[in-house]
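Structure assessment
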Amino acid sequence: MSDPTQNHRGLWSTVTEYINDFPGFVVCEFCDIHNETHQIIEKVPVLTSLEIDESRILPFSLMIPGIILEEEVVNGQLCICFSIAQPFGIASITGLTRFWVLGAQVE
């Protein structure tokens, strides 16, 4: 039986805003393979164990946890269908949870 956590990874994003509301929220942005920008607003403790507050200089990089659903090579580039719905139920501000991104954006 395969390990269900083996596809758990992180999607690199850029934190563009800190929202000073307990426990602290951040606005993260990333682009998909179609060059569309997506935003999520999520609690800091869901995304990282780092101490982040309004004194942090913006922007900075942060990983959004999720899982790899599918991989494809398109025009010689690795593309990944990445879901942010698992393990913490994260979604974009438009309600999307699955995104095709470049392989280099996932770690």
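To keep things clear, this report deals only with the structure shown in the data block.

Each value, and the rule that gives it
Residues numbered from 1 in each chain as written. Predicted model: local features only at pLDDT ≥ 70, side-chain atom pairs only at ≥ 80, totals over all residues. Heavy atoms only, no water. Helix = DSSP H or I, 4+ residues; strand = E, 2+ residues; numbered from the N terminus. Rg over C-alpha atoms; globule rule 2.2 N^0.38 Å. Buried < 20%, exposed > 50% of the residue type's maximum accessible area, 1.4 Å probe, protein only. Areas by Shrake-Rupley, 256 points an atom, 1.4 Å probe, with all protein chains shown as cover. Lys, Arg positive; Asp, Glu negative; His and termini not counted. Charge placed at Lys NZ, Arg CZ, Asp CG, Glu CD. Core = buried A, V, L, I, M, F, W, Y, C linked by side-chain atoms within 4.5 Å. Contact = heavy atoms within 4.5 Å. Pairing = 2+ DSSP bridges.

1. Remarks on the overall build of the chain
- Regarding its fold elements, the chain presents 1 helix and 6 strands.
- When the helices and strands of the chain are listed from N to C terminus, the series reads β-β-β-α-β-β-β.
- The C-alpha atoms of the chain give 14 Å as radius of gyration, which agrees with the globular expectation for 107 residues (13 Å, within 12%).
- When the backbone C-alpha atoms are referred to their principal axes, the chain occupies close to 40 × 35 × 20 Å.
- Counting over 107 residues, the chain shows a buried share of 36%.
- In the form shown here, the chain has an accessible surface area of approximately 6,600 Å², with 50% of it arising from carbon and sulfur atoms.
- The distance from the centre of the 4 positive side-chain charges to the centre of the 14 negative ones in the chain is 5 Å.

2. Here we look at the nonpolar core
- Grouped together as the largest cluster of nonpolar side chains are 21 residues, with contacts concentrated most on Val-26, Ile-40, Leu-47, Ile-64, Phe-82 and Val-101.
- Of all elements in the fold, only strand E1 (8-19), strand E2 (25-31), helix H1 (44-47), strand E4 (60-74), strand E5 (77-83) and strand E6 (98-102) reach the threshold of two or more residues within this core.
- Ranked by residue count, the leading element in this core is E4, at 4 residues.
- Apart from residues lying up to four places away in sequence, Ile-64 is in contact with Arg-9, Gly-10, Leu-11, Ser-13, Cys-28, Phe-30, Ile-40, Leu-47, Phe-82, Ile-84 and Ile-90.

3. Describing the pairing of E5
- Of all the 7 residues making up E5, 5 are buried; the element is thus mostly covered by neighbouring parts of the structure.
- The pairing of E4 with E5 spans 7 bridges and is classified as antiparallel. Residue Val-73 lies in a different strand from E5, and its bridge partner there is Leu-78.
- Once E4 ends, the chain turns through 2 residues before running back antiparallel as E5, passing Asn-75 with a positive phi of about 50°.

4. Topic: unusual backbone geometry
- Look at the link from Leu-58 to Pro-59: it is a cis peptide, with omega at -5°.
- Residue position: Pro-59 is located in the loop between H1 and E4.
- Phi is positive for Asn-35, which is not a glycine, with a value near 65°.
- Among the secondary structure elements, Asn-35 is positioned in the loop between E2 and strand E3 (37-43).

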